[in-house]
Amino acid sequence: MKGHARHIMTHHADAVSLGTPLEEIARLLVDARIGGVPVVDEHERVVGFVSETDLMATLLQGQTPGAAARDVMSHPPIVVDEFATTDEVMAILRTGQIHHLPVVRSGRLVGIITPLDVLRYFVEKVMPPEPEVG
């Protein structure tokens, strides 16, 4: 499949800081209907990722009072450059067994890719259009 990460990604991905409380992250995930969020530093560089699975594990362990993104995030993060090919993106999602792939430009967050984004690109740009009825 031809294309680059920047063609597939959802632009303007939500992100949180290292000190964002878990309660705020949980609300963001629920309100935005997303399964995870990149954690960025003061320079917008991706330093980790908090998924709904990370939050559930923390809840089950009873660690929520006072906990922040830095306490539960997965790190180092798996990220992809905006010019990575779509084949590279799919390989990273598959081999990394991840469902959210932050996209970076010069190390800074510019978007995010999920399997749905890949499928949307495939349907809209690769598959032949449906025949017109009538």
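Residues numbered from 1 in each chain as written. Predicted model: local features only at pLDDT ≥ 70, side-chain atom pairs only at ≥ 80, totals over all residues. Heavy atoms only, no water.

Named according to an unreviewed UniProt entry, the protein chain is CBS domain-containing protein originating from Polyangium fumosum.

Glancing now at the packing of helix α2 (residues 22-32) against helix α3 (residues 52-61). It is at 11 Å that the axes of α2 and α3 come closest, and there the two elements cross at 135°. As summarised for this structure, α2 and α3 are arranged oblique, according to the angle between their axes. As α2 runs across α3, the sense of the crossing is left-handed. On the side of α2, the interface is formed by L22, I25, A26 and L29, while α3 contributes E52, L55 and T58. (Axes fitted to C-alpha atoms, helices over the stretch in contact; angles between N-to-C directions. Helix = DSSP H or I, 4+ residues; strand = E, 2+ residues; numbered from the N terminus. Parallel < 35°, antiparallel > 145°, perpendicular 65-115°, else oblique. Left-handed = near helix turned anticlockwise from the far one by under 90°. Contact = heavy atoms within 4.5 Å.)

This next bit is on the environment of P77. Along the polypeptide, P77 turns up in the loop between α4 (69-72) and β5 (80-81). A relative accessible area of 25% means that P77 is categorised as partly exposed. Taking the C-alpha atoms as reference points, P77 and K125, separated by 48 residues in sequence, lie 29 Å from one another. The residues contacting P77, other than those within four sequence positions of it, are V46, V47 and G48. (Buried < 20%, exposed > 50% of the residue type's maximum accessible area, 1.4 Å probe, protein only.)

Read from one edge to the other, the open sheet built from four strands follows the order β1-β7-β6-β5, with strand pairing classed as mixed. Each having just a single partner strand, β1 (10-11) and β5 make up the two edges of the open sheet. Bridge count between β1 and strand β7 (residues 108-113): two bridges; the pairing is antiparallel. Its bridge partner being in β7, T10 is matched across the sheet by I112. (Pairing = 2+ DSSP bridges.)

Before going further, it helps to examine the layout of surface pockets. Of the volumes computed, that of the largest pocket is approximately 290 Å³. Along the wall of the largest pocket there are 15 residues; nearest its centre are F49, S51, S74, I98 and H100. Looking at the lining of the largest pocket element by element, the count peaks at three residues for α3. For the lining of the largest pocket, the per-class residue count stands at six nonpolar, seven polar and two charged. Of the volumes computed, that of the second largest pocket is approximately 240 Å³. If you trace the second largest pocket, you find 14 residues lining it, with T10, I34, I112, T114 and D117 closest to the centre. Looking at the lining of the second largest pocket element by element, the count peaks at three residues for helix α6 (residues 115-126). Partitioning the lining of the second largest pocket into residue classes produces five nonpolar, six polar and three charged. (1 Å grid on protein atoms, 1.4 Å probe; cavity = no way out; pocket = protein on both sides within 12 Å on 5 of 7 lines; lining within 4 Å. Points joined across faces, edges and corners; volume = space filled by probe spheres on them. Nonpolar A, V, L, I, M, F, W, Y, C, P; charged D, E, K, R; others polar.)

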